[in-house]
Amino acid sequence: MDPIFHFLPDAPKPVAPYSHAVEAGPFVFVTGQLATDPDDDTTPIPHGIEAQTRKVMDNLARVLRGCGMSFANAVFVRIYLTDFKRDYAAMNAIFSSHFTDGRRPGRTTVGVTDLARGGIVEIDLIAFRP
């Protein structure tokens, strides 16, 4: 089976040459999302970890919807924070609200030195299509 490369009109404009998601067999690999505005790419990224995390999760949901999926399909997530100690707890509170108890994806969270567009959080994920 050949991979399916998804470029979705409802998702944020990519900041580099990549697909929003790539489907390979039952897995969908969703590209890392920043807190960019999918309706107006010139809108500045919101200030603060809470606002950025909400926007990132909204952008991930848009990509998943465009692939006919939701957060319930997520099996693994990677989170990148530019200030791990300052932002981990607040990001985690917002992130966890998108998943039900007993059905949380595997996860890795790492601190990084910089993200595109001046973002302070970026999240990518792998989803499973049963």
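Up top is the structure.
Residues numbered from 1 in each chain as written. Predicted model: local features only at pLDDT ≥ 70, side-chain atom pairs only at ≥ 80, totals over all residues. Heavy atoms only, no water.

### A few points about the overall build of the protein
Part 1 of the reasoning: For the protein, the count of helices and strands is two helices and six strands.
Part 2 of the reasoning: Counted from the first residue to the last, the protein has its helices and strands arranged as β-β-β-α-β-α-β-β.
Part 3 of the reasoning: When its C-alpha atoms are laid out on the principal axes, the protein stretches across 45 × 35 × 20 Å.
Part 4 of the reasoning: Here the protein holds 130 residues, and 42% of them are scored as buried.
Part 5 of the reasoning: In the form shown here, the protein has an accessible surface area of approximately 6,900 Å², with 57% of it arising from carbon and sulfur atoms.
Part 6 of the reasoning: Where the 13 positive side-chain charges of the protein centre and where its 15 negative ones centre are 4 Å apart. (Helix = DSSP H or I, 4+ residues; strand = E, 2+ residues; numbered from the N terminus. Buried < 20%, exposed > 50% of the residue type's maximum accessible area, 1.4 Å probe, protein only. Areas by Shrake-Rupley, 256 points an atom, 1.4 Å probe, with all protein chains shown as cover. Lys, Arg positive; Asp, Glu negative; His and termini not counted. Charge placed at Lys NZ, Arg CZ, Asp CG, Glu CD.)

### Structural notes on the sheet that holds strand E1 (residues 4–6)
Part 1 of the reasoning: The strand order E1-E2-E3-E6-E4-E5 describes an open sheet built from six strands, whose pairing is mixed. A single partner strand is all that each edge strand has here, and the edge strands are E1 and strand E5 (106–111). Direction aside, the axes of adjacent strands within the sheet are offset by 10° on average.
Part 2 of the reasoning: When strand E2 (residues 21–24) meets strand E3 (residues 27–33), the two strands line up antiparallel, connected through four bridges. By the bridge assignment, Ala21 is partnered in E3 with Val30.
Part 3 of the reasoning: Relative to the sheet, helix H1 (residues 49–66) contacts E2, E3, strand E4 (74–81) and strand E6 (121–128), its axis offset from that of E6 by approximately 30°.
Part 4 of the reasoning: Packed on one face of the sheet, helix H2 (residues 84–96) meets E4, E5 and E6 and runs near 150° to E5. (Pairing = 2+ DSSP bridges. Axes fitted to C-alpha atoms, helices over the stretch in contact; angles between N-to-C directions. Contact = heavy atoms within 4.5 Å.)

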